[in-house]
Structure formats: structure tokens, C-alpha cells
Amino acid sequence: MPIKVPNDLPAVDILTKENVFVMTDTRAVTQDIRPLQILILNLMPTKVETETQLTRLLGNTPLQVELELLQTSTHKASNVSEEHMIAFYKTFDQVRSRYYDGMIITGAPVELMDFEEVEYWDELCEIMEWAKDHVHSIFYICWGAQAGLYYHYGIKKQLLPQKLSGVYRHSLEYKTGMLFRGFDDEFFVPHSRNTTVDEEAVFNHPDIRVISTSPEAGIFACKSKDDKHIFIMGHSEYDGDTLKKEYERDLKAGINPQVPCNYFPGDDPNKEPMVIWRSCANLLYSNWLNYFVYQSTPFDLNAISTGETPAHELVTDEFDLIASKFGGSSLATGEMFKKVKDIVMSEPRRKYIVASAPGKSALHENKVTDMLISIAESNNPKEREELLQVLKGRYKEILDFVEKEKGKGLSFDLDAEFKAIKEKVDKADNPENHDYIISRGEYLNAKILADYLDFDFIDAKDVIRFDEEGKYDSEATEPLIQAELLKHSKGVIPGFYGSMPNSEIKTFSRGGSDVTGAIVAAGVNADIYENWTDVSGLLMADPGIVKEPVSVPVITYRELREMAYLGASVMHPDAVFPVVSKDIPIRILNTSKPEDHGTLIVKNARYYTAESEVSGITGRKSFIGLTVRKSNLNDTPGLREKVLKVLEDRGLKIGNIVTGVDTLTLMLDTRDLNNLNLSPEGIAEEIRKTIQGSDVDWVDNLSLIGIVGREIGNSPNVAIKVLSALAAMHINIRFIDHGTGNMNMMVAVDDSDYERAVKAIYQQFS
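## Re the sheet that holds strand β19 (residues 528-533)
Item 1. Taken together, eight strands build an open sheet; the order of strands is β15-β16-β14-β13-β19-β21-β22-β20 and the sheet is mixed. Edge positions in the sheet fall to β15 (456-457) and β20 (554-556), since each of these pairs with one other strand and no more.

Written out as C-alpha cells, the structure reads:
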């Protein structure tokens, strides 16, 4: 069981780094408790003995477990009474409509037969297929494990030269996983089988992780990457005398078996066996129940059928590949490079690093990318040269610091790199050179960082592709990422750019290093994508308006998109899509305060209790509220579409739409109108011409404020609090709208009231 501690106790961080599972007050008070529903498909001939062994292990935890026993209907047990089977066992037809937290599929004495020759093979396959959508975690034992690997992954079993029987020494392939948490470096497990799995196929399969092996017995434990399938080759559940009984049975049958290895003292079968695996067995089943079942199974078992991955505290065995992106503030100076190195080296699972260009710092008021844009867009050769020298000086500061800190020079050649850049700068009037020049901030930072960390440098132009129209090409990029990055055990990739089909450098929009980070994380199937910046997570409100706003511990992808759309300075919106498709969590962290928890961004936050009714309060100024009035406007087919067509034809985006029976109010961004050289008067007149008899007017200098939160749809108090906060400050609300997804609420106020409104709303929820 996890240990429950106060939310902010310093021990939380210490214990978490030691892989001790900690439950904070916040999570503990919201834990729903119910018995775990465990189904055992008992294929062993010694039914009673096997069910007793498993019940003993499953019952040796503080968790309340309810067991059901399952039999195959295509094979009748011969070593146990029919009364026992009728009284205690169900058939598949009796359970197929049910859902279970966990399931155990035992071994069976059919290992010398081909799988397809087994009498109940078709029924077993049907059960294993059913379990994908009806069972949260499945635990396969011995032949059951071999059958599961064959059915799910096509991995065949192999006949051993002689029966493997005895108690064997095992070790862990890696020690940070949770299935074997608390195990010694070496431990013992009984085996009794004539077959094994194709070890090369298991080790090489991308969706399987080998956890434990034995020099004599081979693979003992492996699992699927999603933690759903646990495959155990041995019999840790065996009683102390089980191998003895099997040995004596085979002697009586005239098989002339070998004495089980490491089982009888001095290998003398006349002596009582020495039990040296019982503690490991209890811990193995306890860990499975706790970490793979109890901590992640949904309270509503029917939710298993949705196929959603629980968004628990990232305490899974597969948290072993991290892609990290460091922003401009994180790589602005040599001192910050040192902090980045300390972070990367503190966790060997940080294998792929995406670097931004240097941002602002206490000593530098300009971002490097801004300087490069000035160079690329300047028509004055002298100005370009002066800026280039300033830029070179800034990189020399970084290089001098990291070389001194490392104690030796880097192989990075600053003069050669700037000579190559200058050749393009001297031809800055050539449009093909524009994106090349402005991408060099990320390129240079990544090269220095790779050299500093002793990682491989992987140029983004070689792995990220844009199409002929200059749009990011995911279909071309994904195979390149997978093929190239996985050749490197560790690498640094510059953010912000890739290349066109003709190899010309092409950049994303500003903030595009976030996109690169997400593309890399998705390409290598990272377990988490870290985004390191200068704040400890996403803030509930703009710190320029609200003093020291709190950070949001957990937020969903959808909430992030809503906040970005409404104006929050969060991650680049496009950075969400590559990781959403693979359910990769994002964590926003502070490079200067790496011990802070930051913000976790997940697909499904069902297993997190929101600490506030809202996740963010954000907005923008300078909108125009354009209102169209006409009788039955929204009941007359085609009229509303005609209004929207007027705006579409002029390239205008709509910030929000509020409708009534006879009215349609459209929020338009004043900046869009100005950029397109349009006026509200002109738009209004065009709508009047299009919709005969309509009345069109507008209100300018409006601000849109969005209140975002996954609990808004379940909390009627949110609207009350927002309206009360604004009323208390005597702020006039121009309109109010509840988002259709029950995740956001929007209000419009005058620009002059914007800051006061944000502060007032924040105070209601902080």
C-alpha cells in the first residue's frame, strides 16, 4: 500500500526519487475504495491446490479482494469432483458480460502439444481477446504466459532438451520497475516445465519489456509496455512440497526424472525441501495487485471498456524513456547550460534533448532569434555585420563558461560555424536564406549542448520535413525520426526548424521548439515529454496581472488547447497534437527549480482530483462585438451561414459566437481587421447588403476572458462565483457564454476593466 503523507511534506520528493510510492492528502481524501474483482482461469489439473496457492498470495495484502474462479467449458476437469466445479467455478458464458480489475491465467500440463492442438485453445483465445476490453491487468503463469505471448505477439515456444525443474537464482534486468519493487538483487523462483519461449523474439519485440531473467531458467518475467499483460514463466506460487510431489509422481510413473535443482538440501530427495522463494512470491503478487491493479484500475469497472489509459502519477514500469525540451530561458547563458546539464545527468532516462535558441537573461535583453530575424530582414550590410558580431560574442560567453566548467575545450568550432552563417547573411536578400539564418540560434545551442553533454548531435533538417507548401509533413517525418533517432542512444536535436523537399531550411512559427519536442517525443515513443522553462508549470493566471499566481498541478490536453486559444502564454498549441495521438504525458518544469512539481498535462485526468474548480483564467483585449439583428435570424435556414460567409471571404477569424432568436453576436479581433485593412463599418455594410432588412451595429474595445476547467460542467458554482466577483467590482458584463464542451466559460468586458476583472475572478478560485 502507498504511504499517505501531507501534500507539501519534503519527504514526498525524497521518497518519490527513491521510487517509494507516496499518496498525498489531496489524493487520499478522494480515493474511492471498493473490493478488487479478480478472476482466475484455473487450467491446472490440481484445481484445489492451485486455487489455494493463489488465494493465499492474493490474500496476503491489506487490499480487499473478491475472487471468482473460471473453467473452460470445452474441457472437463478429471482430478477434482464435478460438485466442486459446479459449486465454485463459472463458465465463460457466465462472466463474459462482466468486468474485472485483474485476471490470472494459470499454467497447464499441455506444453508438449502445439497450442492449436490443445482441446480448449479456441476458447482460451476467445477469453484472452475478451480480456482486452473487460480486464484491467492480466497475470499469466508458466504455460499460460507462453500461450499469452503466442496469442498476443506471435512468439512461439521452444522445447527444452530436458525438463527444467528446480529452484533457480534470478536477477532484474532493471531495478526501477514496480512489479519487483522491494526485491533483492538476487532472488529464487521454482520452475517446472518442458518448454520455454523464443528469448530473442521476446527481447527484440518493441511492445514487450523483459524484467527478470535467470542464467539457467532464462526469461522469468516480462510485460507489455502498457502494463496490461504480465507474463511470469515460473511458479512462485508453488507450495514448499509441490516440486517434491511432482518428482515423486514422475518416479512412480517410471519417467526417471532428474532431482529438482537447488531444492532438496544436498540434492538428496530423502531430505525435506528448503523453501527460499516464499517472500519473493508474496511480494510479487502484492506488487501486481497494488501497482498494476489497485492504483490504476477505474472505480467504475465499466470504464475499462473505453480503453483509456489511466492518468495516475506516472508510477509505471515503463517510465524509462524521457524526451526533454529546454526553452530559451533555460539555455540563455553558460550558467543555465550548467543547470541543464545537471538536470539531464541526474536522470539517465533523459535520452533525447531538444534545444531552443538563447532567450533573454539578466545580462542580455534580446532573444537570439529576435536578433537573427533582424539580421535576416535588414537591408544594411553594416548593420547585419554588427549584429552578427554581437551574436558571436554571446555564444563565445556560453562556450567559455561551459569549457571552463567541463575542464577541457569542446570540439565545437565557433569561428567555423559563424563563417558558414556569414556566407548566408551576406546573401540575406535571397529568400531561401531567411529561414536558414533565423534557425541558427537553435542549431548552435544544440551543437554546443551535445558537445557539452557528450551526446550525439542530430540535425533537425535531417529528420523533420515540411511539404511543398511549407506545412509540417508528419507522414514524411515520423519514419525519419524513428529510423534516425533510435540509432543514437542519446542525442540533442535543435528545435524550431526542419527542411523542405528540396533540402531548404524551413522554420515553424515562433515557439516552434515546443513542436519539435513533441515530434521527437512521439517519434521515439517516449514515456513522458518534459518541457523545461522558467516557471514551475502552467500558471492559473497571467503573472503580469495577478501577483504570483499558483501553478496548476494537472491539466488535460483539451484544457491546454482552450487556454492557448483564449490567449494564455502556454505551450505552442500545435505541440499538443503529436503527443496526444500516442497518449504521451507532458510535464512543464522549471529549470531553475527542478525540484518543483510543475504541471502534468494528460489526456484523461479522471484519476486526479482538481484542486480548484478552474484550471486557468486567461484572455485578450482589443475585440469588436459585431451584432446582427433580424427577426427569426437563427431560425431561418441559410441566413446565419450567409453572415459567416461574409467574414470567411475576407479572411476573418471569429473569436466567439453568441446567438439569440433574432440576434447573432460575433467577436472579431481588432488586430485581424487592421492587418487585413478592414473596418467594422465596412463589414457591417456588407452584411446589411447580404441580409436584407438586417440591423448591424458593433461595440469596440472589448476584452474576452476565458475561464477554463474540466470541472466547470459539474460545478454550478463556477458561474455564480464569476458573476459575483465581477458584480462586486462593478464591472459591466457585455455578454456571457458557456462553452459547448462544458470546459470553458467566456465573458466579455470593456478593455478598461480587463485587468480588474481577471484579478477579481482569480481571487474567487485561488
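## Here we look at the environment of Ile654
Item 1. Mapped onto the elements, Ile654 comes out in strand β24 (residues 654-659).
Item 2. Ile654 sits twelve residues away from Leu666 along the chain, and the two C-alpha atoms are 6.5 Å apart.
Item 3. Residues in contact with Ile654, not counting those within four places in the same chain, are Tyr565, Leu644, Leu647, Leu666, Met667 and Leu668.

## Points about the sheet that holds strand β10 (residues 208-214)
Item 1. As summarised here, the arrangement of the ten strands in space is β5-β4-β3-β6-β7-β12-β11-β10-β8-β9, forming an open sheet in which the pairing is mixed. Since the sheet does not close on itself, it has two edges, and those belong to β5 (89-90) and β9 (186-197), each with one partner.
Item 2. Bridge analysis of strand β4 (residues 65-70) against β5 gives two bridges, and the strand direction is parallel. By the bridge assignment, Leu70 is partnered in β5 with Lys90.
Item 3. The sheet contacts of helix α3 (residues 47-58) involve β3 (36-41), β4, β5, β6 (100-105) and β7 (135-141), and relative to β4 the element is tilted by about 160°.

## Looking at helix α11 (residues 334-345)
Item 1. Over its twelve residues, α11 extends 16 Å from the first C-alpha to the last, a length consistent with the 16 Å expected when each residue adds 1.5 Å.
Item 2. Among the residues of α11, Gly334, Met336, Phe337, Val340, Lys341, Ile343 and Val344 are the ones counted as buried. Projected down its long axis, α11 carries its buried residues within an arc of 165°, all on one side.
Item 3. Here the buried face of α11 lies against β13 (322-326), β14 (350-355), α13 (381-406), α16 (440-453) and β19.

## Some thoughts on the environment of Ser489
Item 1. Take Ser489: it is sitting in the loop between α17 (474-485) and β16 (491-494).
Item 2. The exposure class of Ser489 is exposed, given its relative accessible area of 59%.
Item 3. A C-alpha to C-alpha distance of 6.8 Å links Ser489 and Lys351, two positions 138 residues apart in sequence.

## Focus on the packing of aromatic side chains
Item 1. In total, this model carries 24 aromatic pairs according to the counting rule given.
Item 2. Pairing Tyr443 with Phe457 gives two aromatic rings, centres 5.7 Å apart and planes at 85°, and the pair type is edge-to-face. Of the two residues, Tyr443 sits in helix α16 while Phe457 sits in strand β15, which places them 14 residues apart along the sequence.
Item 3. By way of ring pairs, the aromatic residues Phe115, Tyr120, Trp121, Trp143 and Tyr150 are connected into one cluster.

## Describing the pattern of salt bridges
Side-chain pairs of opposite charge can arise where the charged atoms are in close proximity.
Item 1. Scanning the entire structure with this criterion turns up 36 salt bridges.
Item 2. In this structure, Glu405 and Lys341 form a salt bridge, with 4.0 Å as the shortest nitrogen-oxygen distance. Residue Glu405 is located in helix α13, and its partner Lys341 is located in helix α11; the two are separated by 64 residues in the primary sequence.
Item 3. Under the relative-accessibility criterion, Glu405 is labelled partly exposed at 30%.

## Examining α16
Note: α-helices contain 3.6 residues per turn, so residues at a spacing of three or four share the same orientation.
Item 1. With 14 residues, α16 ought to run about 20 Å at 1.5 Å a step, and its terminal C-alpha atoms sit 20 Å apart, in line with that.
Item 2. Directly after α16, the chain includes Asp454, whose backbone phi takes a positive value near 65°.

## Side note on the packing of helix α12 (residues 368-377) against α13
Item 1. One way to put it is that α12 packs onto α13 with a least axis distance of 9 Å and a crossing angle of 155°. Here α12 is positioned roughly antiparallel relative to α13, judged by the angle of their axes. Note that α12 runs across α13; the crossing there is left-handed. On α13, the residues that touch Val368, Met371, Leu372, Ser374 and Ile375 of α12 are Arg384, Leu387, Leu388, Val390, Leu391, Arg394 and Tyr395.

## Examining unusual backbone geometry
Item 1. Phi at Asp583 takes a positive value of approximately 55°, unusual for a residue other than glycine.
Item 2. Take Asp583: it is sitting in the loop between α20 (576-580) and β21 (586-590).
Item 3. Given the relative accessible area of 32%, Asp583 is considered partly exposed.
Item 4. Even without being a glycine, Asn701 presents a positive backbone phi close to 55°.
Item 5. Considering the arrangement of structural elements, one finds Asn701 in strand β26 (residues 695-708).

## Overview of the confidence of the model for the protein chain
Item 1. Summarising the model, the protein chain shows a mean pLDDT of 87, and 90% of its residues fall at 70 or more.
Item 2. Ignoring residues within four places in sequence, the model shows residues 1-12, a span with pLDDT below 50, making 27 contacts including any to other chains.
Item 3. Counting contacts from residues 307-318, a segment whose pLDDT is below 50, to residues more than four positions away or on other chains yields 41 contacts.

## Thoughts on the side chain of Glu123
Item 1. Relative to the helices and strands, Glu123 resides in helix α6 (residues 121-134).
Item 2. Summary of buried charges: Glu123 has no salt-bridge partner, and the nearest side chain of opposite charge, Arg96, is 7.2 Å away.
Item 3. Residue contacts for Glu123: discarding those within four places in its chain leaves Gln71, Thr72, Ser73, Thr74 and Phe92.

## Quick notes on the packing of α3 against helix α10 (residues 278-294)
In helix packing, the relevant descriptors are the interaxial angle and the interaxial distance, both defined with respect to the helix axes.
Item 1. For the pair α3 and α10, the least separation of the axes is 8 Å and the interaxial angle reads 70°. One element, α3, and the other, α10, form an angle in the roughly perpendicular class. Considering only the axes of α3 and α10, their crossing is right-handed. Along the contact surface, α3 presents Leu54, Leu57 and Leu58, while α10 presents Ala281, Asn282, Tyr285, Trp288 and Leu289.
Item 2. A breakdown of the residues in the contact of α3 with α10 according to their chemical character gives seven nonpolar, one polar and no charged.

Conventions used here
Residues numbered from 1 in each chain as written. Predicted model: local features only at pLDDT ≥ 70, side-chain atom pairs only at ≥ 80, totals over all residues. Heavy atoms only, no water. Pairing = 2+ DSSP bridges. Helix = DSSP H or I, 4+ residues; strand = E, 2+ residues; numbered from the N terminus. Contact = heavy atoms within 4.5 Å. Axes fitted to C-alpha atoms, helices over the stretch in contact; angles between N-to-C directions. Expected span 1.5 Å × (residues − 1). Buried < 20%, exposed > 50% of the residue type's maximum accessible area, 1.4 Å probe, protein only. Arc of directions from axis to C-beta. Phe/Tyr/Trp six-rings, centres within 6.5 Å; stacked < 30°, edge-to-face > 60°. Salt bridge = Lys/Arg side-chain N within 4 Å of Asp/Glu carboxyl O. Parallel < 35°, antiparallel > 145°, perpendicular 65-115°, else oblique. Left-handed = near helix turned anticlockwise from the far one by under 90°. pLDDT = per-residue confidence, 0-100. Lys, Arg positive; Asp, Glu negative; His and termini not counted. Nonpolar A, V, L, I, M, F, W, Y, C, P; charged D, E, K, R; others polar.

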